[in-house]
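Chain residues, written in single-letter form:
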Amino acid sequence: MDKKKIYSLWFLVPATTIFAVFFIIPTLASLYFSLTVWNFDSSKFCGLDNFKMFFSENSLNIGIKNTLIYAVLTSGLKVILAFLIAVFLTSAIKTKHIIRSVVFFPNLISTIAIGITFAALLHPTKGIINSFLSIFGVGRIDWLGNVDIALFSIIGVDVWKGLSIATVIYIAGIQSIDKGYYEAAAIDGANGLNKLLHITLPLSRPSRNSVIILSFIGGIRSFDLIWAMTGGGPGFATDVLASIVYKQYAAGYYGLSTAGNVIMLVLIAILAFPLQKYLYSKETA
Amino acid sequence: MKKKKTTIIVGDIIGCAAALIIFVIPFLFMLMNSLKDRKEANQLNLSLPDNFLWSNYLEVIQTGNYQILTAFKNSGLITIGSVVVLIVTASMAGYIIQRRRDKVTGIVSVLIMVGLMIPPAILPTIWVLQKLHIYKSMFSIIMLEVALNTPFTVMLYRGFMSTIPIELEEAGYIDGCSKINMFTSIVFPLLKPVTATVIILNAVNIFNDFSNPLYFFPGKANSTVQLTLYNFMGQFSSSYNLLFADVIIIVVPMLILFLIFNKRIVDGMVAGAVKG
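What should I look at first to understand the overall build of chain A in this one?
The helix and strand inventory of chain A stands at 14 helices and 2 strands. With the C-alpha coordinates aligned to their principal axes, the bounding extent of chain A is approximately 75 × 75 × 30 Å. For chain A, with 285 residues in total, the buried portion stands at 53%. Of the contacts formed within chain A by residues at least 6 apart in sequence, a portion of 67% connects residues at least 24 apart. For chain A, the exposed surface amounts to about 12,600 Å²; the carbon and sulfur share of it is 67%. One way to put it: in chain A the 21 positive side-chain charges average out to a point 6 Å from where the 13 negative ones average out.

Sorry, what's going on with the overall build of chain B here?
Tallying secondary structure elements over chain B gives 12 helices and 0 strands in all. Here the C-alpha radius of gyration of chain B, 23 Å, is well above what a compact globule of 276 residues would show, namely 19 Å. On the principal axes, the C-alpha backbone points of chain B span a range of 75 × 70 × 30 Å. The proportion of buried residues among the 276 residues of chain B is 53%. The contacts in chain B between residues at least 6 apart in sequence include a share of 73% that link residues at least 24 apart. Of the accessible surface of chain B, which amounts to about 12,500 Å², a share of 69% is contributed by carbon and sulfur atoms. Each charge class in chain B can be summarised by its mean position, and for the 21 positive and 14 negative side chains these summaries are 5 Å apart.

How should I be thinking about helix α13 (residues 241-250) of chain A in this particular structure?
Each α-helix turn comprises 3.6 residues. Residues three or four places apart therefore point the same way. For α13(A), the tally of buried residues reaches 8 of 10 residues, placing the bulk of the element in the interior. Directly after α13(A), the chain includes G252(A), whose backbone phi takes a positive value near 90°.

Got a minute to help me understand the side chain of N261(A) in this structure?
Among the structural elements, N261(A) can be located in helix α14 (residues 254-284). A polar atom in the side chain of N261(A) sits 3.3 Å from the backbone oxygen of P120(B). Contact partners of N261(A), with chain neighbours within four places excluded, come to V245(A), P120(B), A121(B), I122(B) and L123(B).

Got a minute to help me understand the packing of aromatic side chains in this structure?
Two measures describe an aromatic ring pair: the distance that separates the ring centres and the angle between the ring planes. Residues and elements named next belong to chain B. By the definition in use, this model includes 35 aromatic pairs over all chains. Relative to F188, the ring of F183 lies with its centre 5.9 Å away and its plane at 55°, an arrangement referred to as tilted. Assessed through its relative accessible area of 6%, F183 is described here as buried.

Could you clarify how one ought to interpret empty space enclosed by the protein in this entry?
Vacant regions in the atomic arrangement are exposed by a probe of water-molecule size rolled over the atoms. All names here are of chain B. Evaluated as defined, the whole model comprises 1 cavity of 30 Å³ or more. As a volume, the largest cavity reaches approximately 40 Å³. Together, S75, I78, T79, E145, I206, F207, D209, P213 and T224 line the largest cavity. Going through the elements one at a time, α3 (55-99) and α9 (192-207) are the ones with two or more residues in the lining of the largest cavity.

Which parts of the structure should I look at to understand the packing of α3(B) against helix α6 (residues 138-161) of chain B?
The description of two helices packed together rests on the angle between their axes and the distance between the axes. Residues and elements named next belong to chain B. For the pair α3 and α6, the least separation of the axes is 6 Å and the interaxial angle reads 40°. Accordingly, the angle class assigned to the pair α3 and α6 is oblique. Our pair here, α3 against α6, has a crossing hand that is right-handed. In terms of residue class, the contact of α3 with α6 is made up of 17 nonpolar, 10 polar and 3 charged.

Help me understand the pattern of salt bridges in this model?
Opposite charge on two side chains lets them pair, provided their charged atoms get close. Considering all chains together, one arrives at 4 salt bridges over all chains under this definition. A salt bridge links R100(B) to D102(B), with the nearest nitrogen and oxygen atoms 2.9 Å apart.

How should I be thinking about the nonpolar core in this particular structure?
Where a protein is soluble and globular, its nonpolar side chains tend to be buried together. Judged by nonpolar contacts, the single largest core of 167 residues is most densely connected at F54(A), Y249(A) and Y95(B). Sequence-distant contacts of Y95(B), defined by excluding residues within four places in its chain, comprise I6(A), Y7(A), F11(A), M161(B), E169(B), M182(B), F183(B) and V187(B).

Got a minute to help me understand the interface of chain B and chain A in this structure?
Bring the parts together and some accessible area is lost; that lost area is often taken as the interface size. Each side of the interface is counted separately: chain B has 96 residues, and chain A has 83 residues. Buried surface at the junction of chain B and chain A, summed over both partners, amounts to about 8,200 Å²; 79% is from carbon and sulfur atoms. By the criterion of area lost to chain A, the three top residues of chain B are F23(B), M117(B) and L123(B), representing 10% of everything that side buries. For the pair chain B and chain A, the interface holds 0 salt bridges. There are 11 residue pairs in polar contact (both at pLDDT 80 or more) connecting chain B and chain A. Among the elements that make up the side of chain B that touches chain A, the one with the highest residue count is helix α12 (residues 240-275) of chain B (15 residues). Residue composition of the side of chain B that touches chain A, grouped by class: 72 nonpolar, 16 polar and 8 charged.

Even after reading the chapter, I still don't get the environment of K247(A), so can you show me in this structure?
Residues and elements named next belong to chain A. Locating K247 in the fold gives a position in helix α13. Separated by 143 residues in the primary sequence, K247 and F104 have C-alpha atoms spaced 33 Å apart. The residues contacting K247, other than those within four sequence positions of it, are W227, G231, G232, G235, F236 and D239.

I would appreciate a short explanation of the packing of helix α8 (residues 150-175) of chain A against helix α11 (residues 205-221) of chain A in the present structure.
All names here are of chain A. Where α8 contacts α11, the two axes come as close as 8 Å, and the packing angle between them is 160°. The orientation of α8 with respect to α11, classified from their angle, is roughly antiparallel. Pair α8 / α11 crosses with right-handed handedness. Packed against α8, whose contacting residues are A166, I169, Y170 and G173, the element α11 presents S207, R208, S210, V211 and L214 at the interface. Looking at side-chain class alone, the contact of α8 with α11 contains 5 nonpolar, 3 polar and 1 charged residues.

Looking at this structure, how should I read unusual backbone geometry?
Peptide bonds are mostly trans, and most non-glycine residues show a negative phi. Residue and element names in this part refer to chain B. A positive phi angle, close to 55°, is found at Y66, a residue other than glycine. If you trace the backbone, Y66 turns up in helix α3. According to the relative accessible area criterion, Y66 is partly exposed, its value standing at 40%. Its identity as a non-glycine residue notwithstanding, H133 has a phi of 55°, on the positive side. With respect to the helices and strands, the residue H133 is situated in the loop between α5 (122-131) and α6.

Even after reading the chapter, I still don't get a nonpolar patch on the surface, so can you show me in this structure?
Residue and element names in this part refer to chain A. On the surface, a cluster of nonpolar side chains totalling about 510 Å² of accessible area is made up of L73, L77, I80, L81, L84 and F152. If one sorts the elements of the nonpolar patch by residue count, helix α4 (residues 58-89) sits on top with 5 residues. Examined against the element boundaries, I80 turns out to sit in helix α4. Residue class for I80 comes out exposed when judged on its relative accessible area of 53%.

What counts, and at which threshold
- Residues numbered from 1 in each chain as written.
- Chains lettered and ligands numbered in written order.
- Predicted model: local features only at pLDDT ≥ 70, side-chain atom pairs only at ≥ 80, totals over all residues.
- Heavy atoms only, no water.
- Helix = DSSP H or I, 4+ residues; strand = E, 2+ residues; numbered from the N terminus.
- Buried < 20%, exposed > 50% of the residue type's maximum accessible area, 1.4 Å probe, protein only.
- Contact = heavy atoms within 4.5 Å.
- Areas by Shrake-Rupley, 256 points an atom, 1.4 Å probe, with all protein chains shown as cover.
- Lys, Arg positive; Asp, Glu negative; His and termini not counted.
- Charge placed at Lys NZ, Arg CZ, Asp CG, Glu CD.
- Rg over C-alpha atoms; globule rule 2.2 N^0.38 Å.
- Polar contact = N/O pair within 3.5 Å; in protein donor to acceptor, adjacent residues only side chain to side chain.
- Phe/Tyr/Trp six-rings, centres within 6.5 Å; stacked < 30°, edge-to-face > 60°.
- 1 Å grid on protein atoms, 1.4 Å probe; cavity = no way out; pocket = protein on both sides within 12 Å on 5 of 7 lines; lining within 4 Å.
- Points joined across faces, edges and corners; volume = space filled by probe spheres on them.
- Axes fitted to C-alpha atoms, helices over the stretch in contact; angles between N-to-C directions.
- Parallel < 35°, antiparallel > 145°, perpendicular 65-115°, else oblique.
- Left-handed = near helix turned anticlockwise from the far one by under 90°.
- Nonpolar A, V, L, I, M, F, W, Y, C, P; charged D, E, K, R; others polar.
- Salt bridge = Lys/Arg side-chain N within 4 Å of Asp/Glu carboxyl O.
- Core = buried A, V, L, I, M, F, W, Y, C linked by side-chain atoms within 4.5 Å.
- Buried area = accessible area lost by both parts, 1.4 Å probe.
- Patch = residues over 30% accessible without salt bridge, like charges linked within 9 Å, V, L, I, M, F, W, Y side chains within 5 Å.

Pasting the structure below:
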């Protein structure tokens, strides 16, 4: 059959047009506008000034550092914890379907609602988490008010929310492993730990790679949770690139805000793309 | 054998206990505090309310001249509008990209997949919307949600297309089916399972979206559900009972959706995520 005639390129036009007008054009325009001082009516070229400012100003470059910490830690923790939960939930236990649903549910809740709830749970004087810890003699911790801790508290909540999807991906990966491997190993006298380390761990690599990439990119782009929990504070302690983009926009520094967007794009281009390439090359090897 | 059974039961107990503490308590906390009076709720503990104040919900709904109802209407329209447009555009695109492998579809496919990773450029997008004179309109936020969810949705459709045998289309071709009929009456009905996934995932995503309405749909009359929730956080900072009543009102639709479509949602998430 005549493929060219049946599979007409006209079918691509609606999706491509919307995607080009509302995503590609703004993205390309951001490359130019990040080099200018502009508002929506006029722009003045200023070279790399915005980027110089971004890297020299402490209140701005902390955002780059925090974004990287956030992305690396959230994806690292999700990769490890979700694997353990998935192994547990693919074992012989009977209540696994109930637990699976429970673990999955946070994924459907809006991030803002989760931020509000955890800000209350982490309340320094009244919060449940501190009252619970005080049983063990741990003093009051100011989870979101302490400059050194706040970012890590939010990372913890992000992991809580994101574990669900990571676990579900792992479960799918582990379930698709050929049962024959386990049977063969059992005949050779392998115990549970052997099977876990030498069968499940290596053969769940494709799902692990998906989890790493998804959560790393999600980490670089994250905004909602931080904005709901601390708004970037105390001071600039939990500011990430996305929250700086918003703050600079609100303050009227449009060039600086756009530069923040471009830095996010560059981080993904120089970290996430090569990471993905590397992980997938290992997968096929 | 007996020993193994005990380990499994212990595993069940530990698993359920951990899931309860880590994942259920936060939701109980929301629910309990949404039913207390102000003084009681501000203690932020997990106890049962002294008396159940269902009136908190009414009070939240009435706040700001029934603002939350406007918000639900807006969020509903945005969600339905975007999902409908996405189904039409992305199913067509996924179909062609999978079936016709040439230079053009290759380029389109790479461009769309790059969109999976790169965050939207906020201010230049506002600039484009202003140039088109559609900034702050319902139309523009729907188009944006469509554009931003296109990569993911096209990917789902393309992946599912590859499981559909081409023979049906060949038979249709021999019978003289036009290219439009080929899609609408042969291919699209076969895409039903993935369309269901697309509807659920995008509906959840778009309904819960906070940052896009924040930037592209500002203004009091335009408020969406997530924006009202964020604003209430400032407004009700000293009355947690109302804040959590609001949280519950917004979470419940998702809970119902989840209880009905549990399996489909989970399967869909896996399909979407793994193929990425």
